[in-house]
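Chain residues, written in single-letter form:
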Amino acid sequence: MTEIRFAKPMEALPRLKQTVSVFSLEAPGVNESLIRKKVKQVKLKGFGGDGSFTRDEERLTYTEGQFVLSLHRASGALRYYDSRRWQIDDGRSKVQFSDEQAVSIAKRFLTQSELVSLAECTLLRVSHLQVGTLEHSTGRASERIIDAAVIFQRMVDNLPVLGPGGKVSVYIAHDGEVSGCNIIWRKIKGIHISIPVTELRTPKFAEEHLSKHWTKKGVPQIQVDETLFGYLELGPCDSQRFLQPVYMMPLTLSDPERKMAIRTVYVVPAAVKPIGRLVPPVKPPVEQPVRRD
Amino acid sequence: MAKKGHTIVFKFGNDNAWETDFRHPDSKRKDATRKGDSLNWIDNVNFLYFGDHGGCNSTIKTICFSYSHDFCDGRSDTWKLGVKMLKWMALNCCDCVLNTDPAHIAAVWFPPAHGIHMIFGFIGPGHDSWYFRDVGKNFANDAGSGKPLANAWLDDAYSDWQTAHPIAMAYGATEEEAVNRRENETINWRDYDVSSPNWLAWKWRD
C-alpha cells in the first residue's frame, strides 16, 4: 500500500493568458566564433583572446591562462571560471559580504556581460561554499564560508522555467569578485503552437498521474513537496527542441521507518498532446554474467 | 575513466555487487558466513564509485545491495579503506553524512580511514532521477581528465534547483596536508600517501 502525502497541492492553475505557447528552440550552433563572442562578453581581466581551444564530444572549451570558458554542444550551456579562484580556498579568507550584496554583484555582472537578459531572471536563491577542518586527536575544528553563488531562474511569458535548465549561477569569491558562472539558457526561435488554457490538463490530473505511477511501483511512502507549473528546460548535456508547459513535483520516496529515502522529481506534460518526450529516458540496466563465489 | 586511458578492474551491477567486496577480512560481523573480501575488490583498486541506496545509522555509514552476500547492507564499521590500494571513494547514495556538524563528520569517517585519500558523497538524501543520470559519467570524465577531485565532485553532483548537497572530504597527517588535498588533489596524486589520517578537511555547498 502506497501512502502519498502532498504537502502543498496545487488547487488551480496560476493566472494565465488565454493561451499558453509551446516554443521552438534554436539549435545551439556551438563553434569557435560563438565562443569568441562569449569570451568578449565576459570581458574579464586576463581574457585577451589568445587562448587555445580543446574539443571533446560534449564541449568546446577555450582556455587562456587560468580562465576557462566552455560551451556544451547539446544545449549551448555556458560555463566560465577562473581556475585559480573558482571554489578554491586560500586557507584563511572568508566571505564578508551579505547575500543582498552578492545579488547586486551578480546582477551587475549579468548586466555588463549581457550573457542573459536580467529582465527575464528572477532570484531563486543564494548558496554558499563552506569549508571545514577537524583534528582527530583533539577534536579541534574550524569552518568558514568562502564563496556565494547567486542563482537566478529564467521566466518565459511570466512562467518560471523549471528543471535543471533555465538557470544562471554567478559565483562570487570571498573578495567580492566574480570567479565563475554557469548558464543553461536555450535561445527561443519562436512560437511553435499556442494551446488554449481550456485544453491544458488540470493540477488534479497531474497529481493523480503521479499517484498512479508510484503506486504501481510499490513504493511504501511518498512525500510530494509541492506542485509547480511552468516550462521545462533540460540540463547542459541534453538536446531539446521545444519549451513546453509542465507540472513538476519534487518528492521523496521512502520506507515506512524513513531509514532510507531518495529524492526525485516527477514531470507531467500540461498539454493534452505534448510534443515528443519531455524528460530523457532511464538508462537500461547493463546485462552482466552471473557472478559466482 | 576508461576513455581517458584508465583501467576498469571491475564493474559490478545489481546482484553482482556484494557486501563482502567492502568488508575487511579481519572485521567481525555477527551472523557472517563468509570472510570479508575487500582486499581482492574495493581495496584492490585506486578509485571506487558506488551508486545505490545508502544511509547513516548515527555514526555508521551503510550502503545497500540488491543481493544478500552475506548481507544486503555494508557497514562502515567493517571497512578499512585504503589499507591496501584504495585512494578515492565516491558514494552516489544518501547520507554520506547526516549533517555537517564537524563532530559527526569525524565520528563517521575517521574510523574506517586506513590510508584512503578522499571520500565523496552527499549530505542527507541523494537523488535518483533523470536529471542525475550523468553524475557518475561527468565525475569520471573530470577525474580522468586530471581535474582537482573535490571541485569536480561538488560541480558535477551539485544541483542548483534541487536539494542535492554534495560533500568532498580529504585526509591528511596535518591540517595543511588535508586542505592541500581537498583543494588540489587529482588522480595524479595516487602515490602521495596519507601517512596518518589525523586531520579531515571538507567542503560542501548549501
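What comes next concerns the included structure. (Residues numbered from 1 in each chain as written. Chains lettered and ligands numbered in written order. Predicted model: local features only at pLDDT ≥ 70, side-chain atom pairs only at ≥ 80, totals over all residues. Heavy atoms only, no water.)

## Points about the packing of aromatic side chains
Residue and element names in this part refer to chain B.
Consideration 1: Under the definition given, this model contains 25 aromatic pairs over all chains.
Consideration 2: Relative to Trp41, the ring of Phe10 lies with its centre 5.4 Å away and its plane at 85 degrees, an arrangement referred to as edge-to-face. Residue Phe10 is located in the segment before β1 (47-51), and its partner Trp41 is located in the segment before β1; the two are separated by 31 residues in the primary sequence.
Consideration 3: Phe10 gets classed as partly exposed once you look at its relative accessible area, which sits at 22%.
Consideration 4: Judged by centre distance (6.2 Å) and plane angle (50 degrees), the ring pair of Phe120 and Trp153 falls under tilted. (Phe/Tyr/Trp six-rings, centres within 6.5 Å; stacked < 30°, edge-to-face > 60°. Helix = DSSP H or I, 4+ residues; strand = E, 2+ residues; numbered from the N terminus. Buried < 20%, exposed > 50% of the residue type's maximum accessible area, 1.4 Å probe, protein only.)

## Some thoughts on helix α3 (residues 149-157) of chain B
Consideration 1: Burial analysis of α3 of chain B places nine of its nine residues in the buried class, which makes it a mostly covered element.
Consideration 2: All of the buried residues along α3 of chain B are Leu149, Ala150, Asn151, Ala152, Trp153, Leu154, Asp155, Asp156 and Ala157 of chain B.

## Examining the sheet that holds strand β4 (residues 73-75) of chain B
All names here are of chain B.
Consideration 1: Taken together, the three strands give an open sheet; going across it, the order is β2-β3-β4, and neighbouring strands pair in antiparallel fashion. Each edge of the open sheet is held by one strand with a lone partner, namely β2 (54-57) and β4. For this sheet the average axis-to-axis angle between neighbouring strands, irrespective of direction, equals 25 degrees.
Consideration 2: Sheet analysis places strand β3 (residues 60-64) next to β4, joined by three bridges and oriented antiparallel. The residue bridging Thr62 from the neighbouring strand is Arg75, located in β4. (Pairing = 2+ DSSP bridges. Axes fitted to C-alpha atoms, helices over the stretch in contact; angles between N-to-C directions.)

## Things to note about the pattern of salt bridges
Consideration 1: Counted under the stated rule, the structure contains 32 salt bridges over all chains.
Consideration 2: The residue Asp89 of chain A makes a salt bridge to Arg144 of chain A at a minimum N-O spacing of 2.9 Å. Here Asp89 of chain A is found in the loop between β6 (78-82) and α2 (99-113), whereas its partner Arg144 of chain A is found in strand β8 (residues 141-156), with 55 residues between them in sequence.
Consideration 3: Owing to a relative accessible area of 8%, Asp89 of chain A belongs among the buried residues under this scheme.
Consideration 4: Residues Lys147 of chain B and Asp142 of chain B are paired through a salt bridge, measuring 3.3 Å at the closest nitrogen-oxygen approach.
Consideration 5: Taking relative accessible area as the criterion, Lys147 of chain B reaches 29% and is therefore assigned partly exposed.
Consideration 6: Note on Asp142 of chain B: relative accessible area 5%, which makes it buried.
Consideration 7: When salt bridges that share partners are traced, they join Glu19, Arg23, Arg29, Arg34, Asp70 and Asp73 of chain B into one network. (Salt bridge = Lys/Arg side-chain N within 4 Å of Asp/Glu carboxyl O.)

## Concerning empty space enclosed by the protein
Consideration 1: Evaluated as defined, the whole model comprises two cavities of 30 Å³ or more.
Consideration 2: Considering only enclosed or pocket space, the largest cavity measures out at about 720 Å³ in volume.
Consideration 3: As for the largest cavity, its lining consists of 37 residues, and the residues nearest its centre are Ile184 and Pro236 of chain A together with Asp155, Asp156 and Tyr158 of chain B.
Consideration 4: Those elements that place two or more of their residues in the lining of the largest cavity are β6, β8, β10 (167-173) and β11 (178-184) of chain A together with α2 (135-144) and α3 of chain B.
Consideration 5: Ranked by residue count, the leading element in the lining of the largest cavity is α2 of chain B, at four residues.
Consideration 6: Here the residues of the lining of the largest cavity sort into 17 nonpolar, nine polar and eleven charged.
Consideration 7: Here the second largest cavity is characterised by a volume of approximately 40 Å³.
Consideration 8: Lining the second largest cavity are Arg85, Gln87, Ile88, Ile146, Asp147, Ala173, His174 and Ser179 of chain A. (1 Å grid on protein atoms, 1.4 Å probe; cavity = no way out; pocket = protein on both sides within 12 Å on 5 of 7 lines; lining within 4 Å. Points joined across faces, edges and corners; volume = space filled by probe spheres on them. Nonpolar A, V, L, I, M, F, W, Y, C, P; charged D, E, K, R; others polar.)

## Some remarks on the interface of chain B and chain A
Size of an interface, as often reported, equals the accessible area lost when the parts are brought together.
Consideration 1: Taken together, the contact pairs 57 residues of chain B with 60 residues of chain A.
Consideration 2: Between chain B and chain A the total buried area reaches about 4900 Å² when both faces are included, carbon and sulfur atoms providing 47% of it.
Consideration 3: On the surface where chain B and chain A come into contact, there are eight salt bridges.
Consideration 4: Asp155 of chain B serves as the salt-bridge partner of Arg79 of chain A, at 2.1 Å between the closest nitrogen and oxygen.
Consideration 5: One can count 36 residue pairs in polar contact (both at pLDDT 80 or more) joining chain B with chain A.
Consideration 6: Among the secondary structure elements, those contributing two or more residues to the side of chain B that touches chain A are α1 (102-109), α2, α3, α4 (175-184) and β8 (199-205) of chain B.
Consideration 7: The leading source of residues in the side of chain B that touches chain A is β8 of chain B, at seven residues.
Consideration 8: Partitioned by chemical class, the residues of the side of chain B that touches chain A number 23 nonpolar, 16 polar and 18 charged.
Consideration 9: As paired elements, strand β7 (residues 121-135) of chain A and β8 of chain B share seven bridges and run antiparallel to each other. Of the residues in β8 of chain B, the one forming a bridge with Glu135 of chain A is Trp199 of chain B. (Contact = heavy atoms within 4.5 Å. Buried area = accessible area lost by both parts, 1.4 Å probe. Polar contact = N/O pair within 3.5 Å; in protein donor to acceptor, adjacent residues only side chain to side chain.)

## Examining the layout of surface pockets
Consideration 1: When its volume is computed, the second largest pocket comes out at roughly 670 Å³.
Consideration 2: Lining of the second largest pocket is provided by 28 residues; of these, Arg59 and Tyr81 of chain A together with Asp142, Ser145 and Lys147 of chain B occupy positions nearest its centre.
Consideration 3: Mapped by element, the contributors of at least two residues to the lining of the second largest pocket are β3 (52-55), β4 (59-64), β5 (67-72) and β6 of chain A together with α2, α3 and α4 of chain B.

## Some details on the state of the cysteines
Residue and element names in this part refer to chain A.
Consideration 1: Enumeration according to the criterion identifies zero disulfides over all chains in this entry.
Consideration 2: We note that Cys181 lacks a disulfide partner, and the nearest cysteine sulfur, in Cys121, lies 11 Å from it.
Consideration 3: Given the relative accessible area of 0%, Cys181 is considered buried.
Consideration 4: Looking at Cys237, it has no disulfide partner, and the nearest cysteine sulfur is the one in Cys181, 17 Å off. (Disulfide = S-S within 2.5 Å.)

## A few points about the pairing of β8 of chain A
Every regular strand shows the same layout, with side chains that alternate between the two sheet faces.
Residue and element names in this part refer to chain A.
Consideration 1: Bridge count between β7 and β8: 13 bridges; the pairing is antiparallel. Bridging across to β8, Leu129 finds its partner in Asp147.
Consideration 2: Connecting the antiparallel pair β7 and β8 is a turn made up of five residues, with Gly139 showing a positive phi of about 75 degrees.
Consideration 3: In the sheet, β8 pairs with β10 via seven bridges, with the strands oriented antiparallel. Opposite Ala149, over in β10, you have Tyr171 as the bridge partner.
Consideration 4: Relative to strand β9 (residues 159-162), β8 runs antiparallel, the two being bridged by two bridges. Among the inter-strand pairings, Met155 is bridged to a residue of β9, identified as Pro160.
Consideration 5: Two successive antiparallel strands, β8 and β9, enclose a turn made up of two residues, where Asp157 displays a positive phi of approximately 50 degrees.

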